[in-house]
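Single-letter residue listing:
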Amino acid sequence: MNYAQIVLPLNLKGSFTYKVPEELQTGIQTGMRVLVPFGGKKIYTGIVFELHNNAPETFVAKEVISLLDDQPIVPQEQIKFWNWLSDYYLCGLGEIYRFAFPSSLKLESETYLKLKPNVKVDFENLDVNEMYLIQALEVRQLINLTDIEAFIPKKDIIKTVNSLIDLQYIEIDEKIAEKYRAKEIAYVKINDEVLQRQNITEILLSLKRAQKQKDLFLHILEKQTENPDLPIKKSELFEDGYFGSSHFKALADKNLVEEYYMQKDRIESYEGEIEEIEELSEAQKEAKNEVDEAFEEGKNVLLHGVTSSGKTHIYLEKIEECISEGKNVLFLLPEISLTKQITQRLEKKYGRQLGFYHQKLTDFERVEVWRRIRQNDIKVLIGTRNSLFLPFQNVGLVIVDEEHDSAYRPREVSPYFNAKDAALVFGNFYGAKVILGSATPSVESYYNARKDKMKYVFLEERFGNVNLPEYELINFKEAQESKKVSGNFSLQLIDEIKKVVEEKNQAIVLHNRRGYANVVECETCGYVNYCSNCDVVMTYHKAANEMKCHYCGQRASKPKVCPKCHSENLNERGVGVEQIHEEVSKLFPDQEVDRMDVDSMRKKFAYEKLYEKIEDRETDIVVGTQMISKGLDFDHIELVAIPKADSLLYVQDFRAEERAYQLITQVSGRAGRVSGKGKVLIQTFNPDHSVFQLIKMNSPAKIYKYILTERQKFHYPPFTKLIMIELKHRREDKANRASQFLGSILRKYLPEDCVLGPEKAQIARLNNFYQFQIMLKLPKGKKYEEYKKRVLASLKEFDEITAYHSIRKDVFVDF
DNA sequence: AGCACGCCGACT
DNA sequence: GTCGGCGTGCTC
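Residues numbered from 1 in each chain as written. Chains lettered and ligands numbered in written order. Predicted model: local features only at pLDDT ≥ 70, side-chain atom pairs only at ≥ 80, totals over all residues. Heavy atoms only, no water.

For chain A, an unreviewed UniProt entry supplies the name Replication restart protein PriA and the organism Chryseobacterium gambrini. Of the comments in the UniProt record for chain A, the one headed Subunit (unreviewed entry) reads "Component of the replication restart primosome." (UniProt positions renumbered as here; feature names shortened; annotations may be inferred.)

Okay, here's the thing in structure tokens:
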């Protein structure tokens, strides 16, 4: 194979063709990393995606400089997966590559060069540049491509480096190119020989004048005898400050103890005992059998288990089965912070063979996980959506927990994809089974499972037969009319909270809106405080005493007088969680009331501290945003109150009802987990609203039926496919014209009713970019593929207009 | 995405 | 006269 298609870590379409020099032809394989020159002076680490013999006709291909791997780093399954993502989500392979790889595995021009050892350079036949480079290397040994710029013209760098590599004078320094070195950790042990030669009493006697050394020796000895297989970290000895390193050194000098080094994974892994998991309940056994059946039929599963039904138990059983068959497991979570329960249980069971991968790891830590996965050293990997790109060898099971969670498809990071859907395809490529699990499955997954695309498994009862919480609707309008309210709380709601806290139980108050007040408005002239970067009113945060833009993060001080008319009549409108917190604190002055939202949890360990406080029942009432719907599994929460439930529904989004149902159900799941007497109070102006009524009935089947009917009526997913195209530019007219133009092209290729817009985005200006949106509502099935091709053609036609190249364009498939 | 090239305004 | 602003075009 003479030519290779190489994917580069750039936001460019497709791959680039390079010539494979003869000496590399035997070693090169798809999925390996290579160094290639690109543009005048850059060297990139690319991935070989394809090998072929078709010489390009329109350009001269450059040559691959060198191979960085002797085995493919991207397995075949991943190559298929990347190609699928790129096709399906209309994104570039380069984008995927950038997202998938830790940065130290894809370095750019920081590549270092060195002289080959023992070469005689024939200066006669070198040109000036080559001579300069050799001379520089003789002085400095290692040189970076950026450094070379100092003495060789940029456009000649690649040529010079290539020719010197060809002449075998210089080479790429792989060790530094790999940036990463496994970290070694010091461990200690008693010198083996000493134990054979002398008895303990003799040793202790010899140490009788050095109390601390004696203590330290005994301490190490004790640990070592207690658990001979558990290595003792040197750093552990000095933790409590009783021993110092001098004491250890003295013992080491006397040859009584020794230290040794072991490569230690940067990721801390569990080193304690391994425990068996508990037995499944009847309902769980039944559900597990259904999962087994589905897998035998070759079907994936949607595991719909009500809150506290113990989905985790079933996961654990399946994980264990999968591992006993010699295959590995990928366990996906929306955010790594909510891993507590599952992690603890898996750690006990799988100890060191458990790995973690998520956005919060450092680059070194990521590479470590990559290495371990490649060496098949990890049996269960728990991670967020980016774990889908690890170089797995043989995955047998993929679990997507909390599959409905929107963190699986953040809109801000490219490439845009939904990890839940991608996981199904990933599983297919790996020949692995997939379980999507949730207490409130997404409407799409529910529909697919009901349409027999997946097997639907319903776990209807809570573990231990504990009752689900009871829902009650409070008509706030009526309460207001009969004057039975205090601020945003009806007296009934206050009473119910009182009852719970008087019994020393805990209550949760949900209000899903950050800040104190939505708007600060001048009563005299109507002035409101807009963000200077976005078309958004700024939210007043009382705790921080500032105005914040929730979209670009800009802060401003709160105006004391209206900046426009200097009136002092400033009015706060729109209730935020801070205000609800303030109200609750005033209503319950003797109770400990805490707030949980992104703003109050920003400080280091704030979340952990509050978590412990709630766990220890120091907190009586927690007021919070949707954050409180996740991970707070405590035994004494008996009440969930939602004072302004309507605010959950009135959002401009066809998924608003689904979201409201999910959020309310998820928060409700925190109540009465043990007692079975949990209560949920939904205070609303519209107690007759179908969503509230259906939630009250506690029948998921009915609520999904309702939402699906609505979706069908208005042609929304899962009955259609949505593609949203967003165009942004600093200048409004340009963004507007470009989107009008794209709209007209799309209308040329697609039926009129498929194209909606362009329209100003809901936030017309964000971070100083004006945004316009075009929504495509496409039919499902065979026609979809056809239509998507036309969309692609339209985008291509659009791209041909050079004047619009400066327009930022994002395409969201399955919006 | 980066980077070069090229064309215009404000400075030593 | 030159430095540097960003619009445009190209990268195998």
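Anyway, onward from the coordinates.
Engineer: Looking at this structure, how should I read the overall build of chain A?
Structural biologist: Counting its secondary structure elements, chain A contains 28 helices and 36 strands. Taken over C-alpha atoms, the radius of gyration comes to 31 Å for chain A, in line with the 28 Å a tight globule of 815 residues would show. Relative to its full complement of 815 residues, chain A shows a buried share of 52%. Contacts in chain A between residues far apart in sequence, at least 24 positions, make up 74% of those at least 6 positions apart. (Helix = DSSP H or I, 4+ residues; strand = E, 2+ residues; numbered from the N terminus. Rg over C-alpha atoms; globule rule 2.2 N^0.38 Å. Buried < 20%, exposed > 50% of the residue type's maximum accessible area, 1.4 Å probe, protein only. Contact = heavy atoms within 4.5 Å.)

Engineer: What am I meant to see in the pattern of salt bridges here?
Structural biologist: Side chains that differ in charge, positive against negative, can pair when their charged atoms come close. Scanning the model with the defined rule gives 49 salt bridges in all. Between Lys455 and Glu293 there is a salt bridge, with the nearest N and O atoms lying 3.7 Å from each other. In this pair, Lys455 is assigned in strand S19 (residues 455–459) and Glu293 in helix H13 (residues 282–296), connecting sequence segments 162 residues apart. Lys455 gets classed as buried once you look at its relative accessible area, which sits at 19%. Residue class for Glu293 comes out partly exposed when judged on its relative accessible area of 42%. Each of Lys288, Asp292, Lys318 and Glu321 takes part in one network of salt bridges that share partners. (Salt bridge = Lys/Arg side-chain N within 4 Å of Asp/Glu carboxyl O.)

Engineer: Could you clarify how one ought to interpret the packing of aromatic side chains in this entry?
Structural biologist: The description of two aromatic rings rests on the distance between their centres and on the angle between their planes. Enumeration according to the criterion identifies 37 aromatic pairs in this entry. A ring pair is formed by Tyr446 and Tyr456, whose centres lie 5.3 Å apart and whose planes are at 80°; its orientation type is edge-to-face. Of the two residues, Tyr446 is situated in helix H18 (residues 443–450) and Tyr456 in strand S19; the sequence distance between them amounts to ten residues. Each of the two residues, Tyr446 as well as Tyr456, counts as buried. With a centroid separation of 6.1 Å and 35° between ring planes, the pair formed by Phe741 and Phe798 is classed as tilted. With a gap of 57 residues between them, Phe741 in helix H27 (residues 732–749) and Phe798 in helix H28 (residues 782–799) connect regions that are remote in the sequence. (Phe/Tyr/Trp six-rings, centres within 6.5 Å; stacked < 30°, edge-to-face > 60°.)

Engineer: Where do I start with the protein's contact with DNA strand C in this structure?
Structural biologist: For DNA strand C, the full set of nearby residues is Leu12, Phe16, Thr17, Tyr18, Pro37, Phe38, Gly39, Phe59, Val60, Ala61, Lys62 and Thr802. The sugar-phosphate portion of DNA strand C accounts for 58% of its atoms within 4 Å of the protein, the bases making up the rest. Counting only elements with at least two residues in the surface near DNA strand C, the list comes to strand S2 (16–19) and strand S3 (33–38). Broken down by element, the surface near DNA strand C gets its largest block of residues, three residues, from S2. (Near = heavy atom within 4 Å.)

Engineer: How should a negative patch on the surface be read in this particular structure?
Structural biologist: Taken together, Glu608, Glu612, Glu615, Asp616 and Glu618 make up a surface patch of like negative charges. Mapped onto the secondary structure, Glu615 falls in helix H22 (residues 606–615). (Patch = residues over 30% accessible without salt bridge, like charges linked within 9 Å, V, L, I, M, F, W, Y side chains within 5 Å. Areas by Shrake-Rupley, 256 points an atom, 1.4 Å probe, with all protein chains shown as cover. Lys, Arg positive; Asp, Glu negative; His and termini not counted. Charge placed at Lys NZ, Arg CZ, Asp CG, Glu CD.)

Engineer: In this structure, what is going on with helix H25 (residues 690–697)? I would like to understand it.
Structural biologist: The periodicity of an α-helix, 3.6 residues per turn, causes residues three or four places apart in sequence to face the same way. Of all the positions in H25, only Val691, Phe692, Leu694 and Ile695 are classed as buried. Each buried residue of H25 lies within a common arc of 165° when the element is viewed along its axis, so the set occupies one face. Taken together, the buried residues of H25 touch strand S20 (470–475), helix H23 (646–649), helix H24 (656–668), strand S32 (679–684) and helix H26 (700–713). One or two residues past the end of H25 sits Asn698, with phi positive at roughly 55°. (Arc of directions from axis to C-beta.)

Engineer: What's the story with the nonpolar core in this structure? I'm lost.
Structural biologist: Side chains of a nonpolar character, in soluble globular proteins, are inclined to be buried together. Counting residues in hydrophobic clusters, the biggest one holds 120 residues, and the most contacted among them are Trp82, Phe101, Leu388, Ile682, Ile725 and Leu776. Ile682 has contacts with Tyr471, Glu472, Leu473, Ile474, Ile642, Ala645, Ile664, Phe692 and Ile695, leaving out every residue within four places of it along the chain. Of all hydrophobic cores here, the second largest spans 28 residues; its members include Ala294, Ile314, Val329 and Ile435. (Core = buried A, V, L, I, M, F, W, Y, C linked by side-chain atoms within 4.5 Å.)

Engineer: Explain the sheet that holds strand S15 (residues 354–357) to me, please; I cannot follow it from the model alone.
Structural biologist: Within a sheet, each strand pairs with its neighbour through backbone hydrogen bonds, oriented either parallel or antiparallel. Taking strand neighbours across the sheet as the criterion, the seven strands line up as S15-S16-S14-S17-S18-S13-S19 in an open arrangement whose pairing is parallel. Either end of the sheet is taken by a strand with one partner, and the two such strands are S15 and S19. Strand-to-strand twist in this sheet, taken as the mean axis angle between neighbours without regard to direction, amounts to 20°. Here strand S13 (residues 301–305) pairs with S19 via five bridges, running parallel. (Pairing = 2+ DSSP bridges. Axes fitted to C-alpha atoms, helices over the stretch in contact; angles between N-to-C directions.)

Engineer: Which parts of the structure should I look at to understand the UniProt feature "binding site: Zn(2+) 2" (unreviewed entry) in chain A?
Structural biologist: The UniProt entry lists Cys531, Cys534, Cys549 and Cys552 under the feature "binding site: Zn(2+) 2" (unreviewed entry), expressed in the numbering used here. Spatial clustering of the annotated residues is evident: they stretch over 22 residues in sequence, but the largest pairwise C-alpha distance comes to 8.7 Å. Along the chain, Cys534 falls in the loop between strand S24 (517–522) and strand S25 (539–541). Classification of Cys534 as buried rests on a relative accessible area of 0%. If near-sequence neighbours (up to four positions away) are discounted, Cys534 is found in contact with Cys549, Cys552, Arg765, Leu766 and Asn767.

Engineer: I would appreciate a short explanation of the packing of helix H2 (residues 76–88) against helix H17 (residues 419–430) in the present structure.
Structural biologist: Between two packed helices, both the angle of their axes relative to each other and the distance between the axes serve to describe the pair. Between H2 and H17, the least distance of the axes is 9 Å, while the angle of their chain directions is 145°. Our pair here, H2 against H17, has a crossing hand that is right-handed. Contact residues: H2 offers Glu77, Gln78, Lys80, Phe81, Trp84 and Leu85, while H17 offers Ala422, Val425, Phe426, Phe429 and Tyr430. (Left-handed = near helix turned anticlockwise from the far one by under 90°.)

Engineer: What exactly am I supposed to notice about the pairing of strand S29 (residues 593–596) here?
Structural biologist: A regular strand carries its side chains on alternate faces of the sheet. Taking every second residue as pointing to the same face, both faces of S29 are buried, with Val593 and Arg595 on one and Asp594 and Met596 on the other. Relative to strand S30 (residues 621–624), S29 runs parallel, the two being bridged by four bridges. Bridge assignment links Met596 to a residue of S30, and that residue is Gly624.

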